[in-house]
Amino acid sequence: MNKSAIAGPSRAGSLPLVGSELALDFTNTSSGRGGLMHKEHLRSADDVVAWARHARVLTPADGQWLAGRIEHDRPVAGELLRRAQDLREVIYAIGTEIARGKRPPAESIDSLARVHADCVARARLVPYGAGFVWAWDPKEAPIETILGPVTLSALTLLTQADLSRVKQCQGDHCGWLFFDTTKNKGRRWCEMEVCGNRAKQRRHQSRKAGARPLTPPAGRGLG
Ligand SMILES: [Zn+2]
């Protein structure tokens, strides 16, 4: 998991948030899993916090405080990275099976439920608008402050959404998950400008080249 086949800085703090659901955006901090073009953007606790700030899981003030805390508290930093990666792969395993029209593995669902229980145990219900929401204090629960909202997003998706809209990008070396909000459920790509256009280019190239082998695809250039 920590091995990144493609070098270069992590883009955790600037990745396109195109999953339409927080939990799916979270899974998209890695791409091309299992292949030579695998990219890993959560390589440190700093990356996890950078993504959470970028995805607005954390307020700017909480993000700044948490970044300072993990700099000085290496055990919390290590635990944050490990638990974030574990949760992400649990959601990814569930999402990819749903995208294939299959029932997600029971052990992944159980893991998600356990993480949710752990997070909720450290949350408080606070007034929000006319109702209430779960909220975490980063000083009391630095890890759950990030994982709690992601887990809630995954659970809400599983329990309340039209799961036939959960899809996986078919682009080479991508594998990003997204919730298709289009009227006709016709979305195929994480981003048309990245994976969609690349596929179009390859089809065009292959028509021009006949049987000639194609140039190897470059992978998710932006991801
Ligand atoms: Zn893609």
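The structure contained in this document is the topic of the report that follows. (Residues numbered from 1 in each chain as written. Predicted model: local features only at pLDDT ≥ 70, side-chain atom pairs only at ≥ 80, totals over all residues. Heavy atoms only, no water.)

### Some remarks on the layout of surface pockets
Estimates place the volume of the largest pocket at around 340 Å³. The wall of the largest pocket is formed by 15 residues, among which Val 133, Trp 134, Ala 135, Trp 136 and Pro 149 lie closest to the centre. Among the elements of the structure, β4 (131-135) and α6 (144-160) are those that each provide at least two residues to the lining of the largest pocket. Counted by class, the lining of the largest pocket contains nine nonpolar, four polar and two charged residues. (1 Å grid on protein atoms, 1.4 Å probe; cavity = no way out; pocket = protein on both sides within 12 Å on 5 of 7 lines; lining within 4 Å. Points joined across faces, edges and corners; volume = space filled by probe spheres on them. Helix = DSSP H or I, 4+ residues; strand = E, 2+ residues; numbered from the N terminus. Nonpolar A, V, L, I, M, F, W, Y, C, P; charged D, E, K, R; others polar.)

### Considerations on the coordination of the zinc ion
For the zinc ion, the full set of protein donor atoms is Cys 169 (SG), Cys 174 (SG), Cys 190 (SG) and Cys 195 (SG), and the range of their distances to it is 2.2 to 2.4 Å. Under the relative-accessibility criterion, Cys 174 is labelled buried at 4%. (Donors = N, O, S within 2.8 Å, 3.2 Å for Na, K, Ca; no water. Buried < 20%, exposed > 50% of the residue type's maximum accessible area, 1.4 Å probe, protein only.)

### A short note on the side chain of Ser 30
With respect to the helices and strands, Ser 30 occurs in strand β1 (residues 30-31). Only 3.1 Å separates the side chain of Ser 30 from the backbone oxygen of Lys 39, close enough to count as a polar contact. Here Ser 30 is in contact with His 38, Lys 39, Glu 40, Arg 88 and Trp 176, once residues within four sequence places are set aside. (Polar contact = N/O pair within 3.5 Å; in protein donor to acceptor, adjacent residues only side chain to side chain. Contact = heavy atoms within 4.5 Å.)

### Notes on the packing of aromatic side chains
Applying the stated criterion across every chain yields a total of one aromatic pair. Here Arg 33 stacks its cationic end above the ring of Tyr 92, 3.6 Å away from the centre of that ring. Across the ring face of Phe 178, the terminal group of Arg 187 is positioned such that the distance to the ring centre comes to 4.0 Å. (Phe/Tyr/Trp six-rings, centres within 6.5 Å; stacked < 30°, edge-to-face > 60°. Lys NZ or Arg CZ within 6 Å of the ring centre and 35° of its normal.)

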